[in-house]
Structures are given as C-alpha cells and as structure tokens.
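# Coordinates in review
Read off the chains here:
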Amino acid sequence: MIKNYLRSAWRNIVRHKYISFINIFGLTTGIACCLLILTYILNELSFDRYNANADRTYRVTRIFYTGSGAESLHLSAVAPPFGPLLKSAFPDIQQMTRVYPNGTTILRYKDKLFNEQNGFFADEHFFDVFSVEVTEGDKHTALNDPYNVMLTEKIAHKYFVNEDPINKTIILDNTKHAYKVTGIFKPFPVNAHMHPEILMSFNTLNDTALYGAKQLQTNFGNNAFYTYLLLPPNYNIEKISSQLPAFLNNYVHFPGMPANVKTTTVTKLTLQKLTDIHLMSHLDDEIEENGDIVRIYIFAVIALFILFIACINYMNLSTARSALRAREIGIRKVIGAQRKEIISQFLSESVLITWIALILALLLTCILLPYINDLSGLKLSVSELFRWNILLGILALPFVIGLLSGIYPALFMSSFKPITVLKGILKIGTGSLSFRKVLVVVQFAISIILIIATTVVYQQLHYIQQKSLGFNKDHIITTAYANDLTRQYESFRNDLLNIPGVKEIGRSSRVPSGRLLDESNASVIQNGSLQPLKIDLKCLTTDYGFVPTYGMHMAAGRNFSRDFPTDTANYVLNETAVKMLGWGNDQNAVGKDMLYGTTKGKIIGVVSDFHFESLHQSIVPLIFYMPKQSYYGYISIKISGNNIPATINAIQSTWNKYLPQIPFDYSFLDQKFQQLYNSEQQQGSLFTIFSFIAIFIACLGLFGLSAFTITQRVKEIGVRKVLGASVPQIVAELSKDFLKLVFIAAVIAFPIAWYSMNKWLLDFASRINISWWVFVLAGIAALIIAFVTISFQSVKAANANPVKSLRSE
C-alpha cells in the first residue's frame, strides 16, 4: 500500500509541475537555510571539545575590585604562583598546567629568520591536559628541561624543510641560549580557544634574564599566566570554588595592605569550564577573540522560524491548489476510499516532496558554504552535518517536516464532501483563511524585524568607522619594540625622521586598539599627606613622541619633552581622569603632586580624551608616564600618504641597520581597529543573508495565500469586469487586504525591533540613536515586496476572460 501511495504521490508531483516546483523550492530554501545555520551553531558549540578531558578541565580567572567594591577588571590569566599553590592546597586537583604567551617570538635557524606570533611557554604537564597529537618526541618529557622547544609540523617544515628537526638547535628571541627541538605536534584544531605553534619549556623562565624562579614563586601582580586545572570525573566544582576565598586570604597578602584587611576585598579567583570559554567568556585579556552564546540563540531562533515558515508555505500552497484536486478527492471517496486513506495519500506526498527538498538542500548547503565562509570570515565545514548523531536527526527531517506541513492540507482536503465537489461547488470557511492571515502577519513581522536589525548593524558599523577617535589613526604603522634598540634609540629615531615620508615616531607600552589593563596604586599629595584615589587609574608608558605621532591634543599644560630630564618623574592625565578626580577644569590639574606606584611626581599636562580601546568600552581615567628604563612594547611611526611602499622599504632598511637579527614586521593601525569589529561585520553579513531568505520565504507564503484567495474570488472578479471594473481597480481590490496584513505586521514589528536593537547597541559605549526613518524604510520595503508578489496573481486574475469564470452560472 505504501508503494501505491508513493507512486500516486509521484504522479501528482509530475502532473502539477508548477505548484510542485514552488513547494519543493520553498522547502529546499528553508531546509538549506536551517542546515547552514546548524553548521554554524555546531561549529561554535564544538570549541575545545576535541580535548579528551574537556568536561573536567577548568581555567583559573581573576577579578579585581575597586575601593568601593565594584568589579574593575576580570582577567582570564592569573599570576604565576597561583597554579602550584592551588595544586598544593587542593589534593583533588589531578593535574595543573600553565602557559605564558611570549608575544612575537623571533626564531632563527641558519639563514632563516622570521617573527612568529603564536609562541608560548608551557610546562611539562601541558599534554596531560590538552589532547593534541605529538608526532615526534615524547610528549611526557619533551618540555621537562630548560631551553627545550616543540614546534607544529608547519613551523618545523618552514625552517627545516626535509631535515629531521629533532635535536636540532634554533635561536629564539636572540637569546644567548640555543633551544633544542624535542618534539613536533600537530596544529591545534580550528575550534580551539588558543592555537600555539611554538611551545617553549616553562622551566626556561627560571632564568633571571627571562623571568626568574623567585618571581615565578612570589609575583602576584603579573597576571599573564593562563592556568588550567584537571579535576576527577564527575567532580563537584563547588568543593574547590567555595574554598577559594579562604585560600586567597591564607596565601596572598599584598605589601602595604593593613593586616586586618582581607585579600578577598581586593581580588577574587574563579574557575571557568574549558568548554565555556569560547561562547561564555568575554574577559579583559582573552588569548583569542571568542564567540557569543547570545548570537547562537539568535540564529537558532531564526533557523526554527524559517523552517516553520517553510512548512506553513507548503500548507498555503497545498490548500491553494485544493480546487484543482477537489474532483479527484470526490471520485476517490465515491469509489470507496476512506478518509484515513486519503490522509495517508496526502501525507505520503508531503513526505516525498520533503525528501526531494532535503536532498536538494544538502547539495545547496555544500555549494553555498564556501561562499558563506568568504562573506562572513568563518571556517565552517559541512562535515559537521555528517556526524552520525546529527545525520540521524537530519534524516528524520522529511518525516517530521512532511507530517507537520502535510497534516493540515491532508485533513482539510480529506474533509471535502463528494456530492459538493463533484457539482463544482467548493466553499472554504473564513476561519482557515484567518489562520493563514495570522501566519502571513507573523512572516512579515519577522522579516521587517530582520530588515531593521540589518540596517541598524550596518549603521553602527558605519558610525564606528567614521567617528573621531580623538587622534588620527590613518597612516600609522606599529611594530614591536626591541630592547636592543634602547641604547641607540635616538640615532635610530633621527635616521627614521630623515626619511622623506616619515613624520613622527613614538614609543608606548601599548598601542590604540589594544586593552588598557595596566594600573598601580595611586595617591594625590595634598597638604603634605597622601590621599589614596578612589578611582582606578589605568597607566600607559609613553615617550615624548607618542602624543605628536598620534596627533593628540593637549587640553592643558604640556607633553613630555627631551628638554626636561625630570619628566621621567612627571605625569600626564586624560580629561576623564581630571573629571573623576573632581578637579574641575583641566588647568587645575597641572602642577598637582601625585604618587603613582612608587614614583612621586607632578602632573605636567592633560591630554584631550581619546578612544584608546574599542568603542565597546567607555573612555577610562588614564595616566601617562615616561619611564627611566625601557618599559616599552611598541614603536608607532607616522608616515605620509605619498608613496607608502617606498617609505616602508626605507624604514625597513633603517631597521635592518640597527637590528639585523630581528625581522621587521609591522601592521597598520587602522587595520587593527577594523579587526576589533570583525564579530559585528560577520553578524551583519549573516543578518543580511537570512533577512533575504526570510523575506523570500514570506513572499512564497503570501503568494500561496493570494493564489488561494483569488481562486475563491474568480466569479467575483468576473462580475466586476462585466460591470466595468478596470484592471488597476481589480488589482487594487485584490491587493488591499494583503497589504493590510503587511501593515499590521509592521505595527507589531516596530516596537520589537526597537527594543531588541537598542539592547544590542547597549554593548557599545559609543553608539547611534536609531532613526525613525529606519522603521519607515523597512515598512515601505515590505509593502513593495508584498505588492509585487501579489501582483503576479492579481494581474493574471484581472486579465482573465470573465466569460470563462461565469460560464457555470
């Protein structure tokens, strides 16, 4: 019997090619969209799950509090002593490993010299926690001894080509010590929260020239060590988390802090599950940019909505062609077919159409995924869909979707009375029509919301790109500062300034587009006594060239100068710091005494506020100081916009003259700022794609409903034409009811879109105000799209010969 149902279903599909094509095309589009979103969601949820012990691995994070008890900083890395102390204090911890990023790592072998960006110091237990395959060497001993190094296969081939790299020596960071290659490992998966390519033995840091054993044991201030704990299976993490406050108070006490003040009033440790890092962690110093669980929820809802609308469209189109199959149903009933058999027949047809749509959707997904990756910057793989547990769910889709989308048409058409349909009299109740109207309203409401969301996202991105940052980011190149340059910096600087295209040069501990994470205790000296500040004052080490290089404006006082040797004990504040300190205007701050860290000095100037960090962050109180020793991390070089390649080549030649053992790697500052908003760019691209798809599917639904309605009004249209109605009048009459639905959808969509996008914009400290015309434009666009869709049917009906429609009367 099932075979007969399928054969009959296939014949009906072939017989009604036009309607079948629209049905299959709509379902294919909807399912393909869902599969694409599912691929994205599966990829995001898979991060760090490649680890065999992912479910019982935790990262230690650290929170800092202001004097008022407010959270001021939450770091994903902690100070070096915490790892061993935690392992000692909590016997339940099975293993602990620490990694310390080395920043730009200079690697040299024979005549090959490159800057590598993914170098980390890692201890000997690293591979006990992270499941990465070691192809050469012993993973348990390769990182035991100082000056051992492990490389990825890619890095090893880059330097050694066809040589066996094991036991070869390479020079890192121009140190006196050669590092011995003791292992080769496969690259970390794409879905990992970090991607080390060079692993140096953590024990190397015992060398005082690099860090020092005593510092590793006692320095609770340098929070740069990512610390991971491996716990027993099914372990209750609260056993450790609840004891962390007591642990801090017992083991950590900061110099100068009164004995009766607990450490937990200043700082706190937390444990974060490894598998939560990518989607749920947005801390102040993540190793790499993470995803966002909210985005997962948004796209999951969009996927379910599009799938639901695809099912509704099938219902609309199936009921719209009910008049074409009414006689078939009547004859089946007359010759003895039971209602359940007719229902089974229609459900078989629905499942068969969905199977065809699923096969086409899988092919479409494979074709479109590379383009989606290029457009969004993601690295999605269709292989995510072919994991057995996911594939089983996908293969069940035709039955689920087929039953959901086919059950209403099956019940609806199987209810026809033979005597009525065989006489050609088919009346459809308004209740079912009203149900479909509600669905069209929902379709277009969501479509309008997506149109508004896409517009607002791109408006905010445009605002970010055009907003004045308080300095000029154009034509500035930045490169890592080398301490070897310190003694000859003035000569180096003068040689660079002699290059025609170079305008200014400056040094700093960080460069704009990074995070401001450094701070010390600060006090203002008033009436001969120290008054501790009640605000967090972030610090930036700069030299006299930093402010002019970035074209910053001094609101009061002066910048650091080579003409004033005592400036190494002086400070410059930004305007926000002056305001939060309650000093009134900027000029009042100049000349005040301040103690920052251990250095006492005077405030010599106030720089106008500028956006150092992403526009997601507010401008924070900031202090500049010029250190006596070299505590710089970067050099910034302002160049003219003329003949940039020649200028950069000249800069590189000068660099090689002074630093022949260090490659010259640089980046443009404006590109760094652009990278800060990659997530929003991806979100905007995906919103655009899914907005078009949602609108397209909504139009299919409207097309089905208009076809259904016009079919019921054929005789009315004929009468109107006989009485002299013109084609535009008939089109307007047929269209107005549908356009009312779109108008209602817009009324529903506007407040929802306004609320949702305002909430999204709250993530930006600097943001746009949503303009009224965005809503009007989205509503008009929806009305135009709906009118064009309806016109296909209404114009055809208005031009039909009234004689044919009235012949049966």
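What you are looking at is a predicted structure, and each value in this text was computed from that prediction instead of being measured.

## So, the overall build of the protein chain
- Each helix and strand in the protein chain was counted, giving 26 helices and 25 strands.
- Here the protein chain holds 809 residues, and the buried ones make up 53% of them.
- A separation of at least 24 residues holds for 79% of the contacts in the protein chain among residues at least 6 apart in sequence.
- For the protein chain, the exposed surface amounts to about 36900 Å²; the carbon and sulfur share of it is 58%.

## Here's the deal with the pattern of salt bridges
- The final tally for this structure, using the stated rule, is 17 salt bridges.
- Here Arg 515 ties to Asp 284 by a salt bridge, and the two come within 3.1 Å at their closest N and O atoms. One end of the pair, Arg 515, is in the loop between β15 (502-508) and β16 (522-526); the other, Asp 284, is in the loop between α9 (277-280) and α10 (293-320), and 231 residues separate them in sequence.
- With relative accessibility at 26%, the residue Arg 515 sits in the partly exposed group.
- You can call Asp 284 buried: its relative accessible area is 17%.
- Between Glu 490 and Arg 562 there is a salt bridge, with the nearest N and O atoms lying 3.2 Å from each other. Of this pair, Glu 490 sits in helix α16 (residues 489-497) while Arg 562 is found in the loop between β19 (554-557) and β20 (571-574), placing the two residues 72 residues apart along the sequence.
- Among the ionic contacts, a cluster of salt bridges with common partners joins Lys 110, Glu 163 and Lys 168.

## What to know about the nonpolar core
- Ranked by internal contacts, the top residues of the largest apolar core, which has 130 residues, are Phe 444, Phe 624, Ile 637, Ile 651 and Phe 690.
- The greatest single-element share of this core, amounting to 14 residues, is contributed by helix α15 (residues 430-466).
- Leave out the neighbours within four places in its chain, and Phe 624 touches Leu 540, Thr 542, Phe 546, Val 547, Phe 560, Asn 570, Tyr 571, Val 572, Val 607 and Phe 610.

## A short note on the state of the cysteines
- Within this structure, the stated rule accounts for zero disulfides.
- Looking at Cys 33, it has no disulfide partner, and the nearest cysteine sulfur is the one in Cys 34, 5.7 Å off.
- Taking relative accessible area as the criterion, Cys 33 reaches 1% and is therefore assigned buried.

## Here we look at the packing of helix α24 (residues 727-761) against helix α25 (residues 772-798)
- Contact geometry of α24 with α25 gives a least axis separation of 8 Å together with a crossing angle of 150 degrees. Relative to α25, the element α24 is oriented roughly antiparallel. As for how α24 packs across α25, the hand of that crossing is right-handed. Contacts from Val 727, Ile 730, Val 731, Leu 734, Ser 735, Phe 738, Leu 739, Val 742, Phe 743, Phe 750, Ala 753 and Trp 754 in α24 reach Phe 775, Gly 779, Ala 782, Leu 783, Ala 786, Phe 787, Ile 790, Ser 794, Val 795, Ala 797 and Ala 798 in α25.
- Class assignment of the residues belonging to the contact of α24 with α25 gives a composition of 20 nonpolar, three polar and no charged.

## Let's talk about the environment of Gln 465
- The residue Gln 465 is located in helix α15 in this model.
- The spacing of Gln 465 and Tyr 677 is 212 residues in sequence and 9.7 Å in space, taken between C-alpha atoms.

## A closer look at the side chain of Glu 44
- Position of Glu 44 among the secondary structure elements: in helix α2 (residues 17-45).
- No salt bridge is formed by the buried Glu 44. Its closest oppositely charged neighbour is Arg 295, at 5.4 Å.
- Of the polar contacts made by the side chain of Glu 44, one reaches the side chain of His 278; its length is 2.9 Å.

## Remarks on empty space enclosed by the protein
- As enumerated under the stated definition, the model contains four cavities of 30 Å³ or more in all.
- By volume, the largest cavity amounts to about 80 Å³.
- Leu 516, Asn 574, Phe 610, His 611, Phe 612, Glu 613, Ser 614, Gln 617, Ser 618, Ile 619, Val 620 and Leu 622 are the residues that line the largest cavity.
- Grouping the amino acids of the lining of the largest cavity by side-chain chemistry returns six nonpolar, five polar and one charged.
- Each pocket or cavity is described by its volume, and for the second largest cavity that value is around 60 Å³.

## Examining the side chain of Ser 508
- Mapped onto the fold, Ser 508 is located in strand β15.
- On the basis of relative accessible area, Ser 508 is assigned to the buried category, the value being 0%.
- With near-sequence residues (within four places) excluded, Ser 508 lies in contact with Thr 541, Thr 542, Phe 546, Tyr 632, Gly 633 and Tyr 634.

Calculation criteria
Residues numbered from 1 in each chain as written. Predicted model: local features only at pLDDT ≥ 70, side-chain atom pairs only at ≥ 80, totals over all residues. Heavy atoms only, no water. Helix = DSSP H or I, 4+ residues; strand = E, 2+ residues; numbered from the N terminus. Buried < 20%, exposed > 50% of the residue type's maximum accessible area, 1.4 Å probe, protein only. Contact = heavy atoms within 4.5 Å. Areas by Shrake-Rupley, 256 points an atom, 1.4 Å probe, with all protein chains shown as cover. Salt bridge = Lys/Arg side-chain N within 4 Å of Asp/Glu carboxyl O. Core = buried A, V, L, I, M, F, W, Y, C linked by side-chain atoms within 4.5 Å. Disulfide = S-S within 2.5 Å. Axes fitted to C-alpha atoms, helices over the stretch in contact; angles between N-to-C directions. Parallel < 35°, antiparallel > 145°, perpendicular 65-115°, else oblique. Left-handed = near helix turned anticlockwise from the far one by under 90°. Nonpolar A, V, L, I, M, F, W, Y, C, P; charged D, E, K, R; others polar. Lys, Arg positive; Asp, Glu negative; His and termini not counted. Polar contact = N/O pair within 3.5 Å; in protein donor to acceptor, adjacent residues only side chain to side chain. 1 Å grid on protein atoms, 1.4 Å probe; cavity = no way out; pocket = protein on both sides within 12 Å on 5 of 7 lines; lining within 4 Å. Points joined across faces, edges and corners; volume = space filled by probe spheres on them.

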